[in-house]
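Each chain is listed here by its residues.
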Amino acid sequence: MELRHLRYFAAVAEHLSFTAAAASLGVSQPPLSQQIRDLEIEIGVNLFERSSRRVALTAAGEDFLRNARAILAQAADSVDRARTIGTGTTGILNIGMTSSVLVGPLGFLIRSFEQRFEGVDVRIHEMAPADQIAALKAHRTDLSFLRSPPEDPDLVAHRAWEERLCVALPAGHELATGRSVPIDIFRTERLVSLRLESSRFADEIYQACVLRGFTPDIAQQVREASSLVSLVAAGFGLAIIPEFVGRVGHPDVTVLPIDPPFLSADVYALHHARKNPVLNNFLDMIRREAPRLAERFRAA
């Protein structure tokens, strides 16, 4: 028994006419009649009472019709679901990130994606960079956003948007009224930093300072970039932060660009080489919209 047998049977049962059923199906009447007869032979009972004047369902046919309609509806639902999953319009997308990435364009991009693909459940997982890599490799997440992605043969990284580094300093600092801050200020100023052992990004900043000929005097180390701004306000030292983290304003902190430009805080999307359709749709949107949205953030 095949689905076409059920479709043919349901059409005849609906029209109670082999001629009308054949027309609705776009087939000729003799093959339709033969298909119905083959179905009855396979089942072992008559599904229709036939006469020269009328076609009617038998009791067995009425019961079979209810089940046939249910099977056809389930088959149609299965096709629709496979199609939506295959095109990435439904499913689950797990994204790993740090809070410092979320304060930039990413939150708006995720919301825009949810509105465009209502059948996709986007789940945000805020975690440390090392934990993000572990979650990706264990397939607990589909995608991560990092500023300093590792070189890993199992993972693919591409830049999602550009972001500069800035210095956060107390509003009363002598350089706070200027237009920029020289990176060499950290030859004499204390630095508050993300934890070097858990942040590849923080370690890159530290090593870049060493290459310029000085070792930063780190006053405190924290896990979250947002905590750096609070430490600066409290007078623990200055901080080197991504520019969009500086948008989360503090009344006692001024954020200025570094002159000359010092490294970058560019954000990268990191994922497995083999992507699912939902992830493909999200990455396509990132490529189209993230750079423009980052520029809008920068100009605001």
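Preceding this section is the structure that the text describes.
Please read all numbers here as calculations on a predicted model, not as lab measurements.

Colleague: Explain the pairing of strand β3 (residues 90-97) to me, please; I cannot follow it from the model alone.
Modeller: Two faces belong to every sheet, and in a regular strand the side chains alternate between them. Judged by how many residues are buried, β3 sits mostly within the fold: six of eight residues are covered. Chirality of the crossover, the property in question, places the unit of β3, helix α5 (residues 99-116) and strand β4 (residues 119-126) among those that are right-handed. One ladder, built from two bridges, connects β3 with strand β5 (residues 143-146); its direction is parallel. Considered in β5, the bridge of G96 is made with S144.

Colleague: Just checking my understanding: could you explain helix α6 (residues 129-137) for this structure?
Modeller: Along an α-helix, residues three or four positions apart point the same way, because every turn accommodates 3.6 residues. Looking at α6, one finds that the buried residues are Q132, I133, A135 and L136. The buried side chains of α6 occupy one side of the element, clustering within an arc of 165° when seen end-on.

Colleague: Please explain the sheet that holds strand β10 (residues 238-242) as it appears in this structure.
Modeller: Two pairing modes exist for strands in a sheet, parallel and antiparallel, and in both the strands are linked by backbone hydrogen bonds. Strand order in the open sheet made by the five strands is β9-β8-β10-β7-β11, with mixed pairing throughout. Both edges of this open sheet fall to β9 (217-222) and β11 (253-257), since each of them pairs with a single strand only. Each strand of the sheet is rotated relative to its neighbour by a mean of 35°, with strand direction disregarded.

Colleague: I keep staring at the packing of aromatic side chains and nothing clicks. Help me out?
Modeller: Note on aromatic pairs: each is described by the distance of the centres and the angle between the planes. Enumeration over the complete set of coordinates arrives at nine aromatic pairs. With 6.1 Å between their ring centres and 65° between their planes, F18 and F48 make a pair best called edge-to-face. Here F18 is found in helix α2 (residues 18-25), whereas its partner F48 is found in strand β1 (residues 48-50), with 30 residues between them in sequence. On the basis of relative accessibility, which here comes to 2%, the residue F48 falls in the buried class. Between F244 and F297, the ring centres sit 5.5 Å apart and the planes meet at 65°, which makes this aromatic pair edge-to-face. Taken together, the residues span a long stretch of sequence, with F244 in the loop between β10 and β11 and F297 in helix α9 (residues 277-299) at a distance of 53 residues. Like F297, F244 is buried. Taken together, the ring pairs connect F113, F117, F145, W161 and F282 into an aromatic cluster.

Reading guide: rules and limits
- Residues numbered from 1 in each chain as written.
- Predicted model: local features only at pLDDT ≥ 70, side-chain atom pairs only at ≥ 80, totals over all residues.
- Heavy atoms only, no water.
- Buried < 20%, exposed > 50% of the residue type's maximum accessible area, 1.4 Å probe, protein only.
- Helix = DSSP H or I, 4+ residues; strand = E, 2+ residues; numbered from the N terminus.
- Right-handed = clockwise from strand over helix to strand, strands pointing away.
- Pairing = 2+ DSSP bridges.
- Arc of directions from axis to C-beta.
- Axes fitted to C-alpha atoms, helices over the stretch in contact; angles between N-to-C directions.
- Phe/Tyr/Trp six-rings, centres within 6.5 Å; stacked < 30°, edge-to-face > 60°.

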